[in-house]
Amino acid sequence: MCGRFTLNQSAATLAQVFHVEPVSDLAAEYNIAPTQMVATVLQNPESEKREFKQLHWGLIPSWAKDTGMGAKLINARAETVAEKPSFRSAFKHRRCLVLADGFYEWQRQQGKKQPFYFRLQDGQPFAFAGLWEKWRSPADEEIISCTILTTAANELLQPIHERMPVILEPQDYDLWLDSQAQTLETLQQLLRPYPAPAMTAYPVSTLVNNARHNNPQCIIPLSDQNAPANQLN
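Rules and cut-offs
In every chain, residue numbers begin from 1 and rise along the written sequence. For a predicted model such as this one, the threshold for reporting local features is a pLDDT of at least 70, and the threshold for listing and counting side-chain atom pairs is 80 or more; totals across whole chains, interfaces and linings nevertheless cover every residue. Only hydrogens and water are set aside when side-chain values are computed; all heavy atoms of the structure are taken into account. Runs of E in the DSSP output that reach at least two residues are strands. Runs of H or I that reach at least four are helices, and both are numbered from the N terminus. Categorising residues by exposure relies on relative accessible area from a 1.4 Å probe, with only protein chains included: less than 20% of the type maximum marks a residue as buried, more than 50% marks it as exposed, and the intermediate range marks it as partly exposed. Any pair of nitrogen or oxygen atoms within 3.5 Å is treated as a polar contact; in protein, a donor-acceptor pairing is required on top of that, and neighbouring residues in sequence qualify only through side-chain atoms on both sides. Think of pLDDT as the predictor's per-residue confidence, scored from 0 to 100. Here a residue-residue contact requires only that any non-hydrogen atoms of the pair lie within 4.5 Å. Strand pairing is assigned whenever DSSP detects at least two bridges linking the two strands. Axes here refer to lines fitted to C-alpha atoms; in helices the fit is confined to the stretch in contact. Angles between the N-to-C directions go from 0 to 180 degrees. Pairing of aromatic rings covers Phe, Tyr and the six-membered ring of Trp, with a centre-to-centre limit of 6.5 Å; geometry is then stacked below 30 degrees between planes, edge-to-face above 60, and tilted otherwise.

**So, the side chain of N75**
Relative to the elements of secondary structure, N75 occurs in strand 5 (residues 75-77). Residue classification places N75 among the buried positions, given a relative accessible area of 15%. One polar contact links the side chain of N75 to the main-chain amide nitrogen of C2, over a distance of 2.7 Å. Polar side-chain contacts of N75 include one of 3.4 Å to the backbone oxygen of I148.

See below:
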């Protein structure tokens, strides 16, 4: 699964990498957690231009009675996303890029869970494959939410976890965002494990286990910490 990630990039960098209009500076995020707002890129179906939007992380289906389902739908399995009632409509018509520059996964070690930080070798921002949905309450409150797709782990992640988020190749962004591209076979080809040689990983402090901790220390390699991880909780 993908339950925590980071985005610490300037607005200018994001605008350049994802071909969107310059956006307001975003606060550096070192420990993004479910139900928080996340940076995404959608394609406007009328202008066909990419648009930057902040969405609620945890997809709330349009038919849901309340927002409670969102916390359970932070991820969608790539293998079954086209079939699941919660995701199949969004998979056909409402796909998005969820912006990130790293993510966390946990490995069980001697009865404890050790967090690892994963990012690209070049340190550049990237996009998770995401879906979005619009939900409206009986009181006419509107929430636009999203989920992140996951797939089988690549060789780098396999020792840590069996799943990983789908990281899209930049050349595939247009196809993923195109609401007219609905062929299952075409879309499924994009939902593959990202090449392990292009990524790097290292253990980090258990500070990240608590979503209230949102600072650069979360991504510092454990070997560089000034104090043992068990003293940082």
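**As for the confidence of the model for the chain**
Interpreting fine coordinate detail is not advised for predicted regions of low pLDDT. Residues with a pLDDT of 70 or more make up 97% of the chain, whose mean pLDDT is 92. Counted against residues more than four places away or in other chains, residues 227-233, with its pLDDT under 50, gives 10 contacts.

**Observations concerning the sheet that holds strand 13 (residues 199-203)**
Strand order in the open sheet made by the five strands is 2-1-7-8-13, with antiparallel pairing throughout. Each of the sheet's edge strands pairs with one partner strand only, and the pair in question is strand 2 (29-32) and strand 13. Pairs of neighbouring strands in the sheet enclose a mean axial angle of 30°, with direction left out of account. Note: strand 1 (residues 5-7) against strand 7 (residues 102-109), two bridges, orientation antiparallel. By the bridge assignment, F5 is partnered in strand 7 with F103.

**A word on the packing of aromatic side chains**
Under the defined criterion, the tally for this structure stands at 10 aromatic pairs. Ring centres 5.4 Å apart and planes at 70° place the aromatic pair F126 and F128 in the edge-to-face group. Each member of the pair F126 and F128 is classed as buried.

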